Amino acid sequence: MTLLARRAAIVVGLAIPSFAGAQATTNIPTPASVIGFTPGTDRKLPEWSQVVAYFTSLAKASPRIQLHTLGNTTLGRPFIAAIISDSATIANLDSYREIQRRLADPRLQHPGERDSLIANGKLVILITSSIHSDEVGGILTPLVLAHRLVSGEDPETRAIRAQTIIVMVPSLNPDGVDIVGGWYRSTLGTAWEGTDPPVLYHHYTGHDNNRDWYAFTQVETQMTVDSLHNVWHPEIVNDIHQQGSYEARLFIPPYMDPIEPNVDPILISSVNSLGLAMTWRLTAEGKTGITNNSTYDAWTPSRAYMHYHGGARILTETASADIASPITIPFDSLKPGRGYDSKVSSWNFLVPWPGGTWTIGNIVDYQTSATWALLNASAPERTMWLESFARVGERAVQGKRAVGREHWPAAFLIPMQQPDQAPLRTLLRILQRGQVEIRRATSPFIANRVRFSAGTYVVLTDQPYGGFAKALLENQHYPDLHEYPGGPPKAPYDVTAQTLPLLMGVGAIAVDSFPVTMTDPIGPIAPPVLDVPGLSGKTTRRIAIYRSWNPSMDEGWTRFVFDQYHIPFTTIGDREVHAGNLAAHFDAIVIPDESPRGLQSGPREKFYPDSLKGGLGVKGDSALSEFVRAGGTLVTFNDASRWAITALSLPVRDVLRGLPDRDFYAPGSLLALNLNQSHPLNRLMLAHPAAWFEDGPAFEITDSTRATAAAVYPSTGNPLLSGWLLGGNRLLGKAALVDVKDGKGHVVLFGYRPQYRAQSMAMYPQVWAALLGYQ
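Residues numbered from 1 in each chain as written. Predicted model: local features only at pLDDT ≥ 70, side-chain atom pairs only at ≥ 80, totals over all residues. Heavy atoms only, no water.

1. Observations regarding the overall build of the chain
A count of helical and extended segments in the chain gives 22 helices and 33 strands. Compactness check: the chain gives a C-alpha radius of gyration of 27 Å against a globular reference of 28 Å for 775 residues, within 12% of the reference. For the chain, the spread of C-alpha atoms along the principal axes amounts to about 80 × 70 × 55 Å. For the chain, buried positions account for 61% of its 775 residues. For the chain, long-range pairs separated by at least 24 residues make up 79% of all intrachain contacts whose partners lie at least 6 apart in sequence. A total of about 27800 Å² of accessible surface is found on the chain, and carbon and sulfur atoms cover 53% of it. Both charge centroids of the chain, one from 65 positive and one from 70 negative side chains, sit 2 Å from each other. (Helix = DSSP H or I, 4+ residues; strand = E, 2+ residues; numbered from the N terminus. Rg over C-alpha atoms; globule rule 2.2 N^0.38 Å. Buried < 20%, exposed > 50% of the residue type's maximum accessible area, 1.4 Å probe, protein only. Contact = heavy atoms within 4.5 Å. Areas by Shrake-Rupley, 256 points an atom, 1.4 Å probe, with all protein chains shown as cover. Lys, Arg positive; Asp, Glu negative; His and termini not counted. Charge placed at Lys NZ, Arg CZ, Asp CG, Glu CD.)

2. Some details on helix 14 (residues 421-433)
Here helix 14 contains 13 residues, and its C-alpha end-to-end distance of 18 Å stays within 8% of the 18 Å for a straight helix at 1.5 Å per residue. Taken residue by residue, helix 14 has Ala-422, Pro-423, Leu-424, Thr-426, Leu-427, Leu-428, Ile-430, Leu-431 and Gln-432 as its buried positions. Where helix 14 is buried, its residues contact strand 15 (411-414), strand 19 (457-460), helix 15 (466-473) and helix 16 (500-504). Where helix 14 begins, one side-chain oxygen reaches toward the backbone nitrogen of Ala-422, 3.1 Å away; that side chain belongs to Asp-420. One or two steps after helix 14, the chain reaches Gln-435, where phi turns positive at roughly 70°. (Expected span 1.5 Å × (residues − 1). Polar contact = N/O pair within 3.5 Å; in protein donor to acceptor, adjacent residues only side chain to side chain.)

3. Notes on the layout of surface pockets
Reported here for the largest pocket is a volume of approximately 1300 Å³. Looking at the lining of the largest pocket, the elements with two or more residues in it are strand 5 (236-243) and helix 17 (553-564). A per-class count over the lining of the largest pocket returns 14 nonpolar, twelve polar and 17 charged. Looking at the second largest pocket, its volume works out to about 610 Å³. In this structure, the second largest pocket is lined by 26 residues; those nearest its centre are Phe-216, Thr-217, Gln-222, Thr-426 and Gln-564. For the lining of the second largest pocket, the secondary-structure elements that each account for two or more residues are helix 10 (219-232), helix 14 and helix 17. (1 Å grid on protein atoms, 1.4 Å probe; cavity = no way out; pocket = protein on both sides within 12 Å on 5 of 7 lines; lining within 4 Å. Points joined across faces, edges and corners; volume = space filled by probe spheres on them. Nonpolar A, V, L, I, M, F, W, Y, C, P; charged D, E, K, R; others polar.)

4. Topic: the environment of Arg-303
Mapped onto the secondary structure, Arg-303 falls in the loop between strand 9 (297-298) and strand 10 (312-319). For Arg-303, a relative accessible area of 3% gives the class buried. When the C-alpha positions of Arg-303 and Asp-494 are compared, they lie 9.1 Å apart, and in sequence the two are 191 residues distant. Ignoring anything within four residues of it in the chain, the contact list for Arg-303 reads Asn-210, Arg-211, Trp-213, Asp-297, Arg-313, Tyr-493 and Asp-494. Only 2.9 Å separates the side chain of Arg-303 from the backbone oxygen of Asp-297, close enough to count as a polar contact.

5. Description of the sheet that holds strand 20 (residues 509-511)
Ordered in space as 16-19-15-20, the four strands form an open sheet in which the pairing is antiparallel. The sheet terminates laterally at strand 16 (439-440) and strand 20, the two strands that pair on one side only. In this structure, strand 15 lies alongside strand 20, joined through three bridges in antiparallel fashion. Within the sheet, the bridge partner assigned to Ala-411 lies in strand 20 and is Val-511. (Pairing = 2+ DSSP bridges.)

6. Describing the sheet that holds strand 31 (residues 720-722)
Pairing within the open sheet is antiparallel, and its three strands lie in the order 28-26-31. In this open sheet, the two strands that pair with only one neighbour each are strand 28 (690-694) and strand 31. Ignoring which end each strand starts from, the neighbouring axes of this sheet average 45° apart. Bridging between strand 26 (residues 667-672) and strand 31 involves two bridges; their strand directions are antiparallel. For Leu-671, the partnering residue across the bridge sits in strand 31 and is Leu-720. (Axes fitted to C-alpha atoms, helices over the stretch in contact; angles between N-to-C directions.)

7. So, the nonpolar core
Buried together is how nonpolar side chains tend to be arranged in soluble globular proteins. Formed by 187 residues in total, the largest nonpolar core has its most connected members in Phe-55, Trp-768 and Leu-771. Tallying contributions element by element places helix 12 (residues 360-378) first for this core, with ten residues. With near-sequence residues (within four places) excluded, Leu-771 lies in contact with Leu-535, Arg-541, Ile-543, Phe-562, Ala-588, Val-590 and Val-635. Ile-589, Leu-616, Leu-624 and Leu-650 belong to the second-largest nonpolar core, a separate cluster that totals 29 residues. (Core = buried A, V, L, I, M, F, W, Y, C linked by side-chain atoms within 4.5 Å.)

8. A few points about the confidence of the model for the chain
When pLDDT is averaged along the chain, the result is 95, and 97% of the positions lie at 70 or above. This model gives residues 1-24 a pLDDT under 50, and the stretch forms 38 contacts once residues within four places in sequence are excluded. (pLDDT = per-residue confidence, 0-100.)

9. Brief notes about the packing of helix 8 (residues 155-163) against helix 12
A packed helix pair is summarised by two numbers, namely the angle formed by the two axes and the spacing between the axes. Direction vectors running N to C along helix 8 and helix 12 enclose 65°, while the axes themselves pass 9 Å from each other. One element, helix 8, and the other, helix 12, form an angle in the roughly perpendicular class. In the crossing of helix 8 with helix 12, the sense of the turn from one axis to the other is left-handed. Where helix 8 abuts helix 12, its residues Glu-156, Thr-157 and Ile-160 lie against Trp-372, Leu-375 and Asn-376. Of the residues that constitute the contact of helix 8 with helix 12, the class distribution is three nonpolar, two polar and one charged. (Parallel < 35°, antiparallel > 145°, perpendicular 65-115°, else oblique. Left-handed = near helix turned anticlockwise from the far one by under 90°.)

See the structure below:
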């Protein structure tokens, strides 16, 4: 039977078994029997311990599931993954894991072994959920799916178990399950029921925990990559998410343009095919409000590790309710989405949702139905998926000999002599965690007219994950996309650059060939020593980081970087600032990136309790101004610098203020800087600077007797190094880092994020210099 005929047989007559009607083994516990309610019940969320208890009870009751604890989360909770298949497969997992390993890397195969590996292998599907903890359907849906997969005896379920190995992570952020759930339960019956918590739902990163899939900074990312991706090499990854409430009910790929150029086209083709097959089935089931080819792109590896490791990423985004409280959305209140209109039928949005009440039950229904459609469409095509997976690996080891990759470099060369060894080691360890092989030159050589010493690190592109290395080591050239000819820029879903050598200040050169012998792949690089003399460990400097009730991911990243370097600090909020006399307690205060409105006025959420409202306000402005004049150093990052200019009446103007996107636009790009080498803020700088610019300010000093530019953008040319920049001429010669003397103290205005997602290590020394003071 052809692929088309098989899929048609699924949907003809809507002969699709329902979840409720599937036969089940009687001794398998239901989710309700452990967590105390049926998943999808209004206003009911489980604690993480209950989720663990349910999966533990499933594993005890059935030989079709294994439960593994991969380690502990940032805040010490168990991080679990379940493996589900038929009992015979579960009893023989080691052999299937070895098949996956050999298919992923064709260099490991014996001659003539390929076909038998495909014939005997299983389709490995990784299901991840609940990384963003306010998307609470994600912690309920895995309970429903696991119960169905383990207990179901209907033909579909049995066929899925027979053809697949499902690796399920019920939450990529267990800490957030309890942070959001605890806040939600405390708000029930209040005016702020259904609001997000006023703190980050991941201790350090908040929403950015799903932007960590190439830097691997967080322990949850590391466990998932080390123990699941790199061990099981899944052909498909179903990443379960939620989106806003007032647009589509469900997004399924294909993705919008652009596609990151190092992703194999075979993978994108498989994503497109599977996403549309899922949409076909769900539409046949009567689901409405489904969109494809909209909103989400496939540009950055920060969200898609699997796209560089042989796996198809099927992102699903279901409309949200008010956490687990129902909402009513009239049809006329639906809003246009990116690439479709929620009220108008189109090829990629066939059946609009009619509006009405939307509940946590609807969310669980759509999520479970979408994942089941994925399993049902892919399991019968096991052979095709394994064949495709093997072909991706074969093309990878061909490097520039593969069709479409003729322009690839043969290798990247990374000299071992670098200004700072800590960023070098960090970069190499990132590559190794991503399974990139690193070799070393055995003798001196010349390449691209540059002399390299023996010991130079060599990253070949003709290896299984050479595309991952290339995506991280080269400069990005984001396409110039606009909403319509002459119109505003078409915004990327996330950022446009990820060039690690620029972020970390590490030299790396792409070469087409090089006449040198190399070692075999080297062993693991030792962790770097992260230490700032005068700040790390015991320090006389009294440092505070400001945290508002508008959860700021940049604030979390700042704490993370300080913790990595063992720099003591105190977290302060509006109450501590309003109390005044700050100079008696602190020498330096850091205000991370946050909007001026958010800093000044506090949360927009009108239903929050009064204790969370108000922001810094005039009282906070006065207290911080007094702190500086008394000798303190106030350090502001990115958008917070706009707040400081106005609130503290500084002699600086933001030249980008009020400009429309069509005149200036830099949505996460790396820009060139020129340093004032005589300025104390640059006294610790070792590497050539590259500023992470993301919706930040650029400065013009209005009183040079009080303010000095420590870093400026080039006066000619294009400041863009990697990513996308429109209107770069508006930056030419403008200041990017300004030191304002005020009374006995200083205000240090960063027009960029110097600690961007714990990656921009080249710029950290400017932060350290500001914190150490001007003595």
